[in-house]
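Each chain is listed here by its residues.
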Amino acid sequence: MTVKEKIKDTYRFNLKDTAGRIIWLLISFFLSFSSVVGGSCPFAVSLICVSSKKNFLFSAIGAGIGYIIFCDTNDAIRYFSAVIIAALGAFAVNVFNVKKEPYVPMAVAFLSVFSTGFVMNFRTGTSAAGYALSFGEAVLALGGAFFFFRAVHCNIKRLKYKALPVTDLTCVIVSSSVILSGLSFLEVKGISPARIIGVIIILSSIRFGSQRWGLIISLCLGFALGISRENSLFLLGAYAFSALVSSLFVNMSTVGIGISFTLSMAFFAVAADMGSFSVCCVIESAVACVVLSLLPGVVTNKMTELWESGADIAPDGSLRQSLVVRLRFASSALAQVSESVRDVREKINELGKTEPMESEIRMVAADQFFSISDMLGDLAFEFDSAENFDFKSAGKIRRMLGEYDIYPENISVIVDKYDRIRIEILAPRSTKGLNSPRLKKEISRICGREFEHSRVNTSGNDSMLTMMEKPNFKMSIGFAQYCAEGHLCGDTIKTINDSRGHMILIISDGMGKGGRAALDGAMGAGLLSKLLSAGFGFDSSLKVVNSALLVKSSEESLATLDCASIDLFTGKCEFYKAGAPRSYIIKGDLITKCELSSMPAGILRGIEFAKRTTMLNVNDEIIMMSDGITDIGEEWLEEFIKLDESENPTEKANAILDFAVKNSDERHRDDMSVIVARLIKQ
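Just so it is clear, the structure is predicted and the values come from calculations on it, not from any experiment.

Novice: Just checking my understanding: could you explain the overall build of the protein for this structure?
Specialist: The helix and strand tally for the protein stands at 23 helices and 15 strands. Residues classed as buried in the protein amount to 49% of the 682 residues present. Counting every atom, the protein has about 32,800 Å² of accessible surface; 60% of that belongs to carbon and sulfur.

Spelled out as C-alpha cells, the structure:
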C-alpha cells in the first residue's frame, strides 16, 4: 500500500471515527489555552504528538485555531509554527510505524516547542532568561506528551475494571486534570464552571468511591488548577486537605461530605487571603455540594457503578483466603469422622473386646489416601465451578455487619456458573446474632436477591454462617419409622439442606436389628451427612464411610445407604444407592421404579454408589424405604401408591409403614423406614 493509499484509508468516512476526531479537535482546542503561570500553554502541542494517524490532523486543526484565537500575535505565530512541526512529526511517526514508545512523541514535542521558542527569542533579541523560559516550556511539552501518551495507550478494559498499574492510572488522572484546567479560564463573575466540575468529581469519588480515590484526584486537580493562574497554587493543599476532612463524614450522606468540604475550603480561603478569588473558590465548593445533592437517583446509581466497576474482580490472595477457610472446615469434618469411628469402636469393644485384623487395617488405612485425594478434588471442583467472587457485595456486607458489632474474619459472596449466589461468613465462635433475621433481610437488600434461612456451623473457635439464594422449589418431606427390637432402630434417616441449593435425603440401614444395627446405621448416615455438608461429593464420602465401617470392629459391620439429592433450582434428582432397595418416582398417575444393583458399605473395599438421574416437576414425589418395608413383597406397594389419595407426605409415609407392619410376620420383622418427599413451588 502506497503512502497515498494509506492516507485515503486513514480518512475514509466512518461515523464512529468522525465523532472521535471531533472530540480530539475539541480537546486540543481547549488545551491551547490551558496555560501555566507565566502564560506558557504547550499542552496542545503535546497532544498532537501522541495522536494516532486518524486523529493527529484534527488535533492540529483544533490547536491551531485555539492558539490563533487566544494568543497575541507573536505567541500565536510561535505556537502555530510548533503545531505544524508537531503535526509533521506525528505524521512521520504514524506513517512509518515508529516503535510505539513515549520517547519519540516526547522528543517531537520538546523540539517543536523549543525550536520555535529559540527562533522567536533570537529574532527579538531576548535575554538569557527568555531562553531559559523557552527551555522550561519545552520541558512542560515533553512532560505533557509523556502523560498523554500513557493515558491514550492504556487498556480501556483494564481502566474500567480498575486493573491499571498505578503509573498508568496516575497519567490518566493527570491528563484529565490538565484538560479540565484549560476550561478554568471560562468564568462568570469569577466563578469557574470547570472548578465546580472538579469539586463535583472530588466529592463523588469520596461519596461513591473511596478515600484513596478522593485524595489522588484532589491532588491532581489541585495541582493542575493551581498552576493555571497566579496566586492559586493554594488550591493544591486546599483541595487535598478538604478531601481528607470530608472523607471523615462519608457515612453522613452527600450533604455531610459537601458541607465539611466547603467549610474546609472556607478555612483555606481565609488563611490564603486571596480576596475575591478565595471567596469564589468557596462559592464553587458550595455550588458543587448543592448540585451533587440534587442529582437524581438514576445518576447517583450510575456514579456508584462507575466507581465500583470491577470491584467484584478477586484481588490477589482473596481466592486463596476463601479456599483456606473451606479447607479448614473440611479438615475439621475429617477430624470428626476420626472421633466418631473411635467412639463407636469403644462402644463396640464394651460389648465384646476383640483384636482387629492388622493386615486389613493397613489396607483400609492405605485406601484413605485415595479418599482424601478425592475429597480435595471435590473441593477443587466446587471452587472451579464458582464463576466469580462478588467482592463489591462482600464489602457492603462487612460494613453492614459492623453496624451490628459483628466483625467477621472472612466474607465470601460466591456466584456460581448458574448465577446463583452463596454467602459464607466466617466469624469467631463467640459472635452473637449471626442467626438474626435482621441480617438476612439486610443481606438480601445488599445483594438484590432473596435468601433462605441461614445456617451456622461451628468448628473449634470459628463459626461459619452460610446462606444460599432462595431456590425456585422446596421439598415437603414426611417420614415414618418402626423399631423391630426395643427402642433402638437399626435404620437412620437424615435430611440435609446443603446451603448450595440441594436437599439431600438419606436412609442408612444397619445390618440386623437392635443396638448393633442402630450403631451401624447411625454411623453410616451420620458420617455421610457430615461429609456432604462439608462440601464433599457422594463418591469420595462413600469411600470414607466404607473404610470407617471396615475398621471400627473386627466383626462384620455393614450398612446400606440410600440417598437422593434434589436440585431445588431445577428439580434435577439424583439417586445414589449402596445396597439399598428400590425407590419410586411418582409423576401424576405414572409410577417409575428406581432399582439399582450395588453393595452395602462395610463389606468390601472399593465399593461405589450406583446412580440414576431424573427430573422432577411441581407435585412430583419420590418414595424411599429400607428393606424392612419390602420384606412382604413389592407388588402391593405399587397398588397401594396408586390407591392412596393422601396429599400430605407424612400421612402417606405413615400409611405405607402401617400397612407393612400389619402385613408382616411379627417374629421376622425388620426395622422399617419410609421417606416421602414432594417437590413444591416456593
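Novice: I would appreciate a short explanation of the state of the cysteines in the present structure.
Specialist: Covalent bonding between the sulfur atoms of two cysteines is what defines a disulfide. In the structure shown here, the tally under the stated rule is zero disulfides. Left without a disulfide partner, C573 is nearest to the cysteine sulfur of C594, which lies 8.0 Å away. In this structure C573 comes out as buried when scored by relative accessible area, which is 0%.

Novice: I keep staring at the nonpolar core and nothing clicks. Help me out?
Specialist: Grouped burial of nonpolar side chains is what soluble globular proteins tend to show. In terms of nonpolar packing, the biggest core is built from 67 residues, with Y67, I202, L235 and Y239 touching the most fellow members. No other element matches the eight residues that helix 10 (residues 193–208) contributes to this core. Membership of the second largest hydrophobic core comes to 25 residues, among which are A534, F536, V544 and A601.

Novice: Got a minute to help me understand the pattern of salt bridges in this structure?
Specialist: Pairs can form between side chains of opposite charge whenever their charged atoms are close. With the rule as written, the count across this model stands at 18 salt bridges. Linking E450 and K470 is a salt bridge whose minimum nitrogen-to-oxygen distance equals 3.3 Å. One end of the pair, E450, is in the loop between helix 19 (437–447) and strand 4 (455–459); the other, K470, is in the loop between strand 5 (462–468) and strand 6 (473–482), with 20 residues separating them in the sequence. Classification of K470 as partly exposed rests on a relative accessible area of 31%.

Novice: Explanation requested: a nonpolar patch on the surface in the structure shown.
Specialist: A cluster of nonpolar side chains, L57, I61, I65, I68, I69, F70, F80, I84 and L88, forms an exposed patch at the surface whose accessible area comes to about 830 Å². If you list the elements that add at least two residues to the nonpolar patch, you get helix 4 (56–70) and helix 5 (73–95). The residue F80 is located in helix 5 in this model. Note on F80: relative accessible area 35%, which makes it partly exposed.

Novice: Sorry, what's going on with the packing of helix 3 (residues 43–50) against helix 6 (residues 103–124) here?
Specialist: Helix packing geometry: the angle between the two helix axes and the distance between the axes. Between helix 3 and helix 6, the least distance of the axes is 9 Å, while the angle of their chain directions is 140°. In terms of orientation, helix 3 and helix 6 fall into the oblique class. Crossing hand, helix 3 versus helix 6: right-handed. In this structure, helix 3 uses V45, S46, C49 and V50 to contact helix 6, whose residues at the interface are P105, V108, A109, S112 and V113. Class assignment of the residues belonging to the contact of helix 3 with helix 6 gives a composition of seven nonpolar, two polar and no charged.

Basis of the calculations
- Residues numbered from 1 in each chain as written.
- Predicted model: local features only at pLDDT ≥ 70, side-chain atom pairs only at ≥ 80, totals over all residues.
- Heavy atoms only, no water.
- Helix = DSSP H or I, 4+ residues; strand = E, 2+ residues; numbered from the N terminus.
- Buried < 20%, exposed > 50% of the residue type's maximum accessible area, 1.4 Å probe, protein only.
- Areas by Shrake-Rupley, 256 points an atom, 1.4 Å probe, with all protein chains shown as cover.
- Disulfide = S-S within 2.5 Å.
- Core = buried A, V, L, I, M, F, W, Y, C linked by side-chain atoms within 4.5 Å.
- Salt bridge = Lys/Arg side-chain N within 4 Å of Asp/Glu carboxyl O.
- Patch = residues over 30% accessible without salt bridge, like charges linked within 9 Å, V, L, I, M, F, W, Y side chains within 5 Å.
- Axes fitted to C-alpha atoms, helices over the stretch in contact; angles between N-to-C directions.
- Parallel < 35°, antiparallel > 145°, perpendicular 65-115°, else oblique.
- Left-handed = near helix turned anticlockwise from the far one by under 90°.
- Contact = heavy atoms within 4.5 Å.
- Nonpolar A, V, L, I, M, F, W, Y, C, P; charged D, E, K, R; others polar.

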